[in-house]
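Structural features, examined
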Amino acid sequence: LIENITRYIKNESLTVYNPQDDFLKLFMCGDGTALGFRFGLPLYGKWVWQLKDTIDRMFMDLFRVENLPDPHNNPALGGDDGEGGTLDTSQYDEYVQISELPNAEEGANLLLRTDDDVDFQSAWDVLRHMVKDDEYKQDVLQHAHDILQIRETKMVH
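Residues numbered from 1 in each chain as written. Predicted model: local features only at pLDDT ≥ 70, side-chain atom pairs only at ≥ 80, totals over all residues. Heavy atoms only, no water.

**Some thoughts on the nonpolar core**
Core analysis: the biggest nonpolar cluster contains 27 residues, and Leu43, Trp47, Leu51, Leu111, Leu127, Met130 and Val140 have the highest contact counts within it. Elements supplying a minimum of two residues to this core: strand S3 (41-45), helix H2 (46-61), helix H4 (104-112), helix H5 (120-132) and helix H6 (134-156). Among the elements that make up this core, the one with the highest residue count is H5 (six residues). Residues in contact with valine 140, not counting those within four places in the same chain, are Ala104, Gly107, Ala108, Leu111 and Met130. (Core = buried A, V, L, I, M, F, W, Y, C linked by side-chain atoms within 4.5 Å. Buried < 20%, exposed > 50% of the residue type's maximum accessible area, 1.4 Å probe, protein only. Helix = DSSP H or I, 4+ residues; strand = E, 2+ residues; numbered from the N terminus. Contact = heavy atoms within 4.5 Å.)

Right, here's the structure in full:
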């Protein structure tokens, strides 16, 4: 947005914005848990709250004074050169595996757990890896679908 506003002011061509077709949606429940959705999967529990809290804190840290780009060094904002003139958002784009990645069946089970013992970093690793590896994502989603079908069948009977 900032780049296109700057381009517009300078009478330059705008860049095309391509929104994500699926993104992580997280909602606080107000009781130390959160509800989330990604890839059509329902996510719920304390671990989802911890994930949302971590992502929110990372986002707010972008705007700490020491993390802001120097407008005097940013040509897009009227500065002299490009040194230090961009906002570092790599924390959202880079996939850094924190824990050992579970296989697809274990990953599906982890994402569908709602107990307080889920390690949110491990669950976040599964979600991030699903973004990077379509085959892993499809395998996790298939196992999750199977698990949810079994749960639904048990509830009906």
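**A look at the pairing of S3**
With burial as the criterion, only one face of S3 is covered, namely that bearing Leu41, Leu43 and Gly45; the residues Pro42 and Tyr44 on the opposite face remain uncovered. Examined bridge by bridge, strand S2 (residues 34-38) and S3 share five bridges and lie antiparallel to one another. Looking at the pairing, arginine 38 lines up with leucine 41 of S3. A loop of two residues connects S2 with S3, the two strands running antiparallel in sequence, and phenylalanine 39 in this loop sits at a positive phi of about 55 degrees. (Pairing = 2+ DSSP bridges.)

**Examining the packing of aromatic side chains**
Tallied over the full model, the rule gives zero aromatic pairs. Between the NZ or CZ atom of lysine 25 and the centre of the ring of phenylalanine 23, over which it lies, the distance is 4.4 Å. Its guanidinium or amino end placed over the ring of tryptophan 124, arginine 128 lies 3.8 Å from that ring's centre, counting from NZ or CZ. (Phe/Tyr/Trp six-rings, centres within 6.5 Å; stacked < 30°, edge-to-face > 60°. Lys NZ or Arg CZ within 6 Å of the ring centre and 35° of its normal.)

**Remarks on the packing of H5 against H6**
The contact between H5 and H6 brings their axes to 6 Å, and the two run at 125 degrees. Relative to H6, the element H5 is oriented oblique. Crossing of H5 against H6: the hand is left-handed. Residues Val126, His129, Met130 and Lys132 of H5 lie in contact with H6, whose contacting residues are Asp134, Tyr136, Lys137, Val140 and Leu141. In terms of residue class, the contact of H5 with H6 is made up of five nonpolar, one polar and three charged. (Axes fitted to C-alpha atoms, helices over the stretch in contact; angles between N-to-C directions. Parallel < 35°, antiparallel > 145°, perpendicular 65-115°, else oblique. Left-handed = near helix turned anticlockwise from the far one by under 90°. Nonpolar A, V, L, I, M, F, W, Y, C, P; charged D, E, K, R; others polar.)

**Examining the sheet that holds S2**
Strand order in this open sheet of three strands is S1-S2-S3, and the pairing throughout is antiparallel. Each edge of the open sheet is held by one strand with a lone partner, namely strand S1 (25-28) and S3. Each neighbouring strand pair of the sheet contributes to a mean axis angle of 15 degrees, computed without reference to strand direction.

**Details of H6**
In a regular helix each residue adds 1.5 Å, so 23 residues correspond to 33 Å; H6 covers 33 Å between its end C-alpha atoms and thus fits that length. Among all positions in H6, only Tyr136, Lys137, Val140, Leu141, Ala144 and Ile147 are buried. Tucked inside the fold, the buried residues of H6 contact S3, H4 and H5. The backbone nitrogen of glutamate 135 lies 3.1 Å from a side-chain oxygen of the residue at the head of H6, namely aspartate 133. (Expected span 1.5 Å × (residues − 1). Polar contact = N/O pair within 3.5 Å; in protein donor to acceptor, adjacent residues only side chain to side chain.)

**Considerations on the pattern of salt bridges**
Applying the stated criterion across every chain yields a total of seven salt bridges. Between arginine 57 and aspartate 53 there is a salt bridge, with the nearest N and O atoms lying 2.9 Å from each other. On the criterion of helical spacing, the pair formed by arginine 57 and aspartate 53 is a turn pair, its members being four residues apart in helix H2. Bridged by salt links that share partners, the residues Asp22, Lys25 and Arg38 form one connected network. (Salt bridge = Lys/Arg side-chain N within 4 Å of Asp/Glu carboxyl O.)

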